[in-house]
Every structure is written in structure tokens, then in C-alpha cells.
Amino acid sequence: MFRRILYPTDFSDVSLQALRECVVELARLGAGELHLLHVIDITVVDFEAFELEEVYKQRIEELGEELGGDGLTVETEVRVGIPFTEIAEYAQEKKIDLIVIPSVGENIWRRMFMGSTASNLARAAKKPVLILKYVGEGGNYRPTFGECGEIFKKPLVAIDFSKCSLRVVQAVKGFEELIDELLLLHSVDYGRVKDIENNIEIAKRNLEKTLKAFKVKGEAGVFVGTASSAILGTAIARKASLVVIGKKGRSFLKDLILGSTAERVMRDARIPVLLVPCG
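Basis of the calculations
- Residues numbered from 1 in each chain as written.
- Predicted model: local features only at pLDDT ≥ 70, side-chain atom pairs only at ≥ 80, totals over all residues.
- Heavy atoms only, no water.
- Patch = residues over 30% accessible without salt bridge, like charges linked within 9 Å, V, L, I, M, F, W, Y side chains within 5 Å.
- Areas by Shrake-Rupley, 256 points an atom, 1.4 Å probe, with all protein chains shown as cover.
- Salt bridge = Lys/Arg side-chain N within 4 Å of Asp/Glu carboxyl O.
- Helix = DSSP H or I, 4+ residues; strand = E, 2+ residues; numbered from the N terminus.
- Buried < 20%, exposed > 50% of the residue type's maximum accessible area, 1.4 Å probe, protein only.
- Contact = heavy atoms within 4.5 Å.
- Pairing = 2+ DSSP bridges.
- Right-handed = clockwise from strand over helix to strand, strands pointing away.
- Phe/Tyr/Trp six-rings, centres within 6.5 Å; stacked < 30°, edge-to-face > 60°.

This part covers a nonpolar patch on the surface. Side chains of Ile42, Phe50 and Ile82 sit close together on the surface and give an oily, nonpolar patch of about 260 Å² of accessible area. Residue position: Phe50 is located in helix H3 (residues 49-67). Residue Phe50 is classed as exposed on the basis of its relative accessible area, which comes to 52%.

What follows is about the environment of Leu72. Here Leu72 lies in the loop between H3 and strand S3 (73-81). Taking the C-alpha atoms as reference points, Leu72 and Glu25, separated by 47 residues in sequence, lie 10.0 Å from one another. Excluding residues within four positions of it along the chain, Leu72 makes contact with Val24, Ala27, Arg28, Gly32, Glu33, Leu34 and Leu67.

Time to look at the pairing of strand S8 (residues 182-188). On a regular strand, each side chain points to the face opposite its neighbour's, so the side chains alternate between the two faces of the sheet. The buried fraction of S8 is high, at seven of seven residues. The side-chain alternation of S8 yields two buried faces, one formed by Leu182, Leu184, His186 and Val188 and the other by Leu183, Leu185 and Ser187. Pairing geometry for strand S7 (residues 155-158) and S8, over three bridges, is parallel. Looking at the pairing, Leu156 lines up with Leu183 of S8. As a crossover connection, the stretch from S7 through helix H7 (residues 163-173) into S8 is right-handed. Handedness of the crossover joining S8 and strand S9 (residues 218-224) through helix H8 (residues 196-211): right-handed.

Looking now at the pattern of salt bridges. Within the structure shown, the criterion is met by 13 salt bridges. Between Arg79 and Glu77 there is a salt bridge whose closest N-O contact spans 2.8 Å. With relative accessibility at 24%, the residue Glu77 sits in the partly exposed group. Through salt bridges with shared partners, a single ionic network connects Glu77, Arg79, Glu86 and Glu93.

A word on the packing of aromatic side chains. For the structure on display, the rule yields five aromatic pairs. Ring geometry for Phe2 versus Phe175: centroids 5.9 Å apart, planes at 35 degrees, classification tilted. With a gap of 173 residues between them, Phe2 in the segment before strand S1 (4-8) and Phe175 in the loop between H7 and S8 connect regions that are remote in the sequence. Per residue, the accessibility class of Phe2 equals that of Phe175, and both read buried. Considering the side-chain rings of Phe152 and Phe175, the 4.7 Å spacing of their centres and the 50 degrees angle between planes classify their relative orientation as tilted. With Phe152 in the loop between strand S6 (140-143) and S7 and Phe175 in the loop between H7 and S8, this residue pair connects regions lying 23 residues apart in the sequence. Overall, the relative accessible area of 2% leaves Phe152 in the buried class. According to the relative accessible area criterion, Phe175 is buried, its value standing at 0%. Ring pairing ties together the aromatic residues Phe2, Phe152 and Phe175, which thus form one cluster.

Don't take any of this as a statement about function, it's just geometry.
Rendered as C-alpha cells:
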């Protein structure tokens, strides 16, 4: 299980809502240690950053006091710098197991190409990142997924049989105790037409071998076509609670620009997405 969870907050409405309604519940599933971090963006506030530091320290400490207790330890910190860099460094320093961030609709993807904190963090973090999806409705926010305590119950895990897939499997093994049903998926979008059937059979055998690494009930599915379409379609059809997919280090920015599987899944999935770093 993820023992140490990091939640970077900018104190926006959706950030505080996701924290109070979902992140605390996730932490109580077994983590026991929740880290709250606010980064004052020095590129925006410039010299005012250090004057604001004490103000935000008080705010985040009050938030920590509000949420702590009942077996949950909350640690708080305020830093000054470039947000995604500070968040990624904090996660490394504190040996964080999972970073959780919310996103609202598709607008986040327009901001991503202008260097938003969320997108840069997704590329830079060397820790798994869980993205919680929300939509805005008349000034309010609504999660597009079910109960927070059930996010890990029925994960759809995308496997491509690369070295990255080994990292993905290890990450899923980490929360296996929370899984009721496991869905493994591979998409055959490679090879010559005459080789398709053979590639499908090979993929099925490899997925079955992967399933044996888990003790929970599981099912393997092989599809022909675009991986992102297979993942998104299967997630809906099988009512998955989470999509787990790997991201490949420094090439992630290039992949995003080209429209990678990870980008399409994160953009279009209505359920939470867990990004597992592979580089």
C-alpha cells in the first residue's frame, strides 16, 4: 500500500474539495501519513514570495490540524520556488509513495502546453501520480468517478510487455490488498496483417503469465487497434475504477506533443488515472 501520500495544494476550491472529500479517505485506507505541500511560485509573485511564506505556513498548518487524527499523521510544509520542481524534489526527499493531484475537465490540457504545474509534474515526478478527475458546474466541482474508497478496487492495467510494464505491475502489486477484481489489457497495434492472429495469441499467453503474479481475481483482454481507444472503451464497458498506465521518463513531453497513449487516456478518461514512472 502507499504508506506516504503527498498532496500539493494551491488552496483553490477544487484542490480543497478533493483533499477533504477524497484524499484524506485514500490516506486512511492504509497510508497513515499524508503530506500537504504548498509551493509559492516565485516566477509569479517574485519578491513577494518570501513575505507570503509565513501566511501560507499558518494556513497549511491549520489545514493539517483539521485533517489529522484517527490514525492519520499529517505533515505540512511551504516552499518557495518553481512548483513542479519543488513538488518532485519533496517527493524524493520524503520518500513519498504516491502523489495525488486533481484536474478539472479538459482545460488542464490547454494549460499543459504552456507549462502548467500539473503537466510538468506528471513529466518530472519519479513517483507514481494519481490524477483525480473533476468537472466544474456553476462554480462548484463534481468528481467524475465513484467513491474515493473504491478507486483501487477494480483497476484496468495497460500492459505493453516493455520494461515499463514491469514497473507498472510492481506498482499495482503495492495496492493488491485493496483490489477486488483486476483487469489486464494489451492492444495489438503492431505487426503485419498476416501476423495479427499470432501476435494476439502471444499477447494472451503473456497476459495470463502476468496475471499469475497476483493473488486476486483477474481477467486478461487483448484488443486489436489503437491502445488508447481500447483502454478507454474497456474502462467504460467493464466499469473500471482506475486506469493504470506507465509513462516513459524524458520522452513523455515528446509523446504528449505527438498524442501518446498516456496523453489521450489522461485527457479523456473520466475515472482516476495512475501514472507510473518508468524512466
